[in-house]
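# Fold and contact review
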Amino acid sequence: MPIGNVHLFGDRGWVSSADLRESIRDRWGLTESQVRGAGPADVFQIPGAKGTLGFISQMSECFCDRCNRMRLSADGWLRPCLLNETGQIDLKTALRSGTSTAQLQEQVSSLLAIKPEINFKGRDSGNKGIYTRTMSQIGG
Ligand code: SF4
């Protein structure tokens, strides 16, 4: 995702998952898998293959409504959403100052509980200048 580079959101500098699936289906066949992961991937299978193919299609098939991802940034913040810093926890400082595991568990549980309300709701328009950190600065 071109996070922090809002002008790249509409540039189609990416291939849609539907197009990728079509190419794979044309060549090898592709069916929905019975296997379901715990994350946001849509899981498919090539007939006869042992493994599965998971598509995390944030650019072409926004899944913010059902996102269950959290991210630990390179500078130690636990972020509930890549595009919304609301409620993020400064884990680095907490750990270095001796915050107990029980306290941290409580903080993380509370953050998880409100994550559905924090999830970014306008992914199609990029971050609209909400903040300017790029994916690599966040730690992606
Ligand atoms: S809710 Fe946030 S982290 Fe999840 S997919 Fe949307 S923008 Fe990304």
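One can find the structure itself at the top, above this paragraph.
In this report, the structure presented in the accompanying data block is examined. The residue numbers shown here count from 1 along each chain, following its written sequence. Predicted model: local features are reported for residues with pLDDT of at least 70 only, side-chain atom pairs are reported and counted for 80 or more only, and whole-chain, interface and lining totals are derived from all residues.

### Details of the overall build of the protein
The criterion, for reference: Secondary structure elements are defined from DSSP: runs of H or I of at least 4 residues count as helices, runs of E of at least 2 residues count as strands, and each element is numbered from the N terminus. Partly exposed residues are those falling between the two cut-offs: more than 12 but fewer than 20 other C-beta atoms within 10 Å of their own, whereas 20 or more means buried and 12 or fewer means exposed, with C-beta atoms placed from the backbone. This entry defines residue contacts through backbone-placed C-beta atoms, with two residues in contact when those atoms are within 7 Å.
For the protein, the count of helices and strands is four helices and six strands. Put simply, the protein runs from its N terminus to its C terminus through helices and strands in the order α-β-β-β-β-β-β-α-α-α. Burial analysis of the protein (140 residues in total) assigns 10% to the buried set. Relative to all contacts within the protein whose residues are 6 or more apart in sequence, the contacts with residues 24 or more apart total 52%.

### Quick notes on the environment of G48
Along the polypeptide, G48 turns up in the loop between β2 (42–45) and β3 (53–55). Overall, G48 belongs to the exposed group, with 7 C-beta atoms counted inside 10 Å. Along the chain, G48 and W28 lie 20 residues apart, while their C-alpha atoms are 9.8 Å from each other.

### Quick word on the sheet that holds strand β5 (residues 77–79)
Our working definition: At least two bridges found by DSSP between two strands is the condition for calling them paired.
Strands sit in the order β4-β5-β6 across an open sheet of three strands; the sheet is antiparallel. Whereas interior strands pair on both sides, the edge strands pair on one side only; in this sheet they are β4 (71–72) and β6 (89–90). Across two bridges, β5 lies against β6 in antiparallel orientation. If you follow L78 over to β6, its bridge partner there is I89.

### A look at the sheet that holds β3
Two strands in a sheet stick together by hydrogen bonds in their backbones, pointing the same way (parallel) or opposite ways (antiparallel). Strand order in the open sheet formed by three strands is β1-β2-β3, and the pairing between neighbours is antiparallel. Where the open sheet ends on each side, the last strands, each with one partner, are β1 (31–32) and β3. Note that β1 and β2 share two bridges and pair antiparallel. Note that in β2 the partner of E32 across the bridge is F44.

### Observations concerning the nonpolar core
Put simply, the test is: Here a nonpolar core is just a set of buried residues of the types Ala, Val, Leu, Ile, Met, Phe, Trp, Tyr and Cys, joined wherever their C-beta atoms sit within 7 Å.
By size, the foremost hydrophobic cluster in this structure holds five residues: I3, C81, L82, L83 and I138. For C81, the residues in contact, after removing those within four places along its chain, are I118, N119 and F120.

### A word on helix α3 (residues 101–118)
Given 3.6 residues per turn, any residue in an α-helix points the same way as the ones three and four places further on. Note the cut-off: For a helix, the expected span equals 1.5 Å multiplied by the residue count minus one. At any given residue, the bend is defined as the angle formed between two axes, one fitted to the seven residues that end at that position and one fitted to the seven that begin there.
Between its first and last C-alpha, α3 extends 24 Å over 18 residues, near the 26 Å set by a 1.5 Å rise per residue. Of all the bends in α3, the greatest reaches close to 30° and is centred on L112; the proline P116 follows between one and four positions later. Counting buried positions over the 18 residues of α3 gives zero, only a small fraction of the element.

### Some details on helix α1 (residues 17–28)
With 12 residues, α1 ought to run about 16 Å at 1.5 Å a step, and its terminal C-alpha atoms sit 16 Å apart, in line with that. Of all 12 residues in α1, zero are buried, a share of ten percent or less. Just downstream of α1 lies G29, where phi reads positive at about 90°.

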